[in-house]
Amino acid sequence: QVMHGLGGIGKTQTAIEYAYRHQSEYGIVWWIRSEDPTTLSSDYAALAEPLQLPERGAQDQTSITKAVTRALAQRSGWLLIFDNAETPEQIDPYLPGGSGHVIVTSRDPAFKGIAQPLQVEEMPPNEAVDLLLRRAGRDTNPTTADREAAARLAEELGYLPLALNQAAAYVEATGSDFASYLRLFRTQQKERIKDGRNLGRDERTIDGIWELSIKKVEAESPAAAQLMNLCAFLAPDDIPRDILQAGKEHLPEPLSEAVWDESQWNDIMQALRRYSFIERSGDLISVHRSEEHTSDS
């Protein structure tokens, strides 16, 4: 099954939700980051460890990959999730056959030769409004005006879950309201069109949402904004803090100091999480893929 659709439409979250709901049906559920060929190959080969294959300690990754493919083809009860694949040709060599299940998320719908396509649609308007109200903390006895303003904003954002979530995070963090945010967003979009930025509507929406939020982050925590700009050059998942610490002399102030100071680092994490830019797991941070490519501030 390949789930395809616009950036920010919720393909990855849908795959995660499926895996969560059906985990008891599988002996192995394996997530494979597929936007980069090297990462894809590495994540796939890493399956040799939980499969306890003799080849798992081999130096040649190609032999490990072949061993994983053979092992899966002979087993049942497994689920592979190839997340953010670019093309069918990219993942075709890694499809083992057999009786397991495969989910692919991609913006490209042309997977019909190897997978059943399923287009992920935008959120229904009523659900989009509920998401805005809940994420912004305005879902307790919202006024008619609140719901109407949320409805107008949801429509303007194309009912894209990522845009809705980030807009609501902005409203919550700043204590503003949906009507004010909508005016700000429309003004900013007019400026972007005037500047001649050649983007599709969904890209322009996500890009615009990101820019509004990063400006607030920059005003509150320059080090947090510097970290986001740096992350635009890195793979999005599991960025280790120690790699930043090791390169401290190459980082700008105040980020170079903050990567070693626990209190300042926590302040950065708080600022970025408030605006839904990152997920944090200990000293690892992950950035949403639709945000890693738009850092031009």
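Residues numbered from 1 in each chain as written. Predicted model: local features only at pLDDT ≥ 70, side-chain atom pairs only at ≥ 80, totals over all residues. Heavy atoms only, no water.

## Here's the deal with the overall build of the protein chain
Defined as follows: Where helices and strands are cited, they refer to DSSP runs of H or I of at least four residues and of E of at least two residues respectively, numbered from the N terminus. Our radius of gyration is a C-alpha quantity, and the globule rule it is checked against amounts to 2.2 Å times the number of residues to the power 0.38. A 1.4 Å probe rolled over the protein chains alone gives each residue an accessible area, and that area as a share of the maximum for its type sets the label: buried under 20%, exposed over 50%, partly exposed in between. Throughout, a contact is declared for two residues whenever any of their heavy atoms are within 4.5 Å. Under the convention used here, a 1.4 Å probe and the Shrake-Rupley method define accessible areas, while residue burial counts only the protein chains that appear.
On a plain count of helices and strands, the protein chain comes out with 14 helices and eight strands. Against the 2.2 N^0.38 benchmark of 19 Å for 297 residues, the protein chain shows a C-alpha radius of gyration of 21 Å, consistent with a compact globule. A buried classification covers 46% of the 297 residues belonging to the protein chain. Here the contacts in the protein chain between residues at least 6 apart in sequence split such that 61% fall between residues at least 24 apart. Accessible surface for the protein chain amounts to roughly 15,100 Å². Of this, 49% is attributable to carbon and sulfur atoms.

## Thoughts on the packing of aromatic side chains
Short version of the rule: Between the rings of Phe, Tyr and Trp (Trp by its six-membered ring), a pair exists once the centres lie within 6.5 Å; its type follows the angle of the planes, with under 30 degrees stacked, over 60 edge-to-face, and the other angles tilted.
Using the criterion set out here, one finds four aromatic pairs in the structure. Ring centres 5.7 Å apart and planes at 65° place the aromatic pair Trp-210 and Phe-277 in the edge-to-face group. Pair noted here: Trp-210 is in helix H9 (residues 201-220) and Phe-277 is in the loop between helix H13 (262-274) and strand E7 (278-281), with a separation of 67 residues, a long-range link. For the pair Trp-210 and Phe-277, one class covers both residues: buried.

## Digging into the nonpolar core
This is how it is decided: For this analysis, a nonpolar core means a set of buried residues of the types Ala, Val, Leu, Ile, Met, Phe, Trp, Tyr and Cys, connected via side-chain atoms within 4.5 Å.
In this structure, Phe-178, Tyr-181, Leu-227, Ile-268, Leu-272 and Phe-277 are the most contacted members of the largest nonpolar core, which totals 63 residues. The leading source of residues in this core is helix H7 (residues 161-174), at eight residues. Leu-47, Phe-82, Val-102 and Phe-111 belong to the second-largest nonpolar core, a separate cluster that totals 25 residues.

## Digging into the environment of Gly-97
Structurally, Gly-97 is set in the loop between helix H4 (88-91) and strand E4 (99-106). Under the relative-accessibility criterion, Gly-97 is labelled partly exposed at 40%. A C-alpha to C-alpha distance of 51 Å links Gly-97 and Leu-184, two positions 87 residues apart in sequence. Excluding its chain neighbours within four sequence positions, the residues that come into contact with Gly-97 are Leu-72, Ala-73 and Trp-78.

## Let's talk about unusual backbone geometry
With an omega dihedral of 10°, the bond running from Glu-253 to Pro-254 counts as a cis peptide bond. Summarising the element assignment, Pro-254 is placed in the loop between helix H11 (241-246) and helix H12 (255-258). Positive phi is not limited to glycine here, since Asn-141 has a value of about 50°. Judged by relative accessible area, Asn-141 falls into the exposed class, the value being 71%. Of note, Ser-276 is a non-glycine position whose phi angle comes to about 60°, a positive value. The topology assignment puts Ser-276 in the loop between H13 and E7.

## Thoughts on the environment of Gln-1
Selection criterion: Two N or O atoms form a polar contact when they lie within 3.5 Å of each other; inside protein one atom must be a possible hydrogen donor and the other a possible acceptor, and for residues adjacent in sequence the pair counts only when both atoms belong to side chains.
Structurally, the position occupied by Gln-1 is in the segment before strand E1 (2-4). Each C-alpha atom, one on Gln-1 and one on Pro-117, is 6.0 Å from the other, the two residues being 116 residues apart in sequence. Gln-1 has contacts with Val-102, Ile-103, Val-104, Ala-115, Gln-116, Pro-117 and Leu-118, leaving out every residue within four places of it along the chain. Engagement of the side chain of Gln-1 in a polar contact is seen with the backbone oxygen of Gln-116, the distance being 2.8 Å.

## Here's the deal with the confidence of the model for the protein chain
The cut-off we apply is this: Confidence of the predictor in every single residue is expressed as pLDDT, which spans 0 to 100.
Per-residue pLDDT for the protein chain averages 91, and the proportion of residues at 70 or more is 95%. Every residue in residues 291-297 scores below 50 in pLDDT, and together they form 20 contacts with partners more than four places removed in sequence or on other chains.

## Notes on the pattern of salt bridges
Let me state the cut-off plainly: A pairing counts as a salt bridge when a side-chain nitrogen of Lys or Arg comes within 4 Å of a carboxyl oxygen of Asp or Glu.
Evaluation of the coordinates by the stated rule reveals 11 salt bridges. In this structure, Arg-21 and Glu-17 form a salt bridge, with 2.8 Å as the shortest nitrogen-oxygen distance. Here Arg-21 and its partner Glu-17 are both found in helix H1 (residues 11-22), four residues apart, which amounts to about one turn of the helix. The class for Arg-21 is exposed, based on a relative accessible area of 62%. In this structure Glu-17 comes out as partly exposed when scored by relative accessible area, which is 35%. The shortest N-O distance in the salt bridge between Arg-70 and Glu-55 comes to 3.7 Å. Of the two residues, Arg-70 is situated in helix H3 (residues 61-73) and Glu-55 in the loop between helix H2 (37-45) and H3; the sequence distance between them amounts to 15 residues. The exposure class of Arg-70 is partly exposed, given its relative accessible area of 45%.

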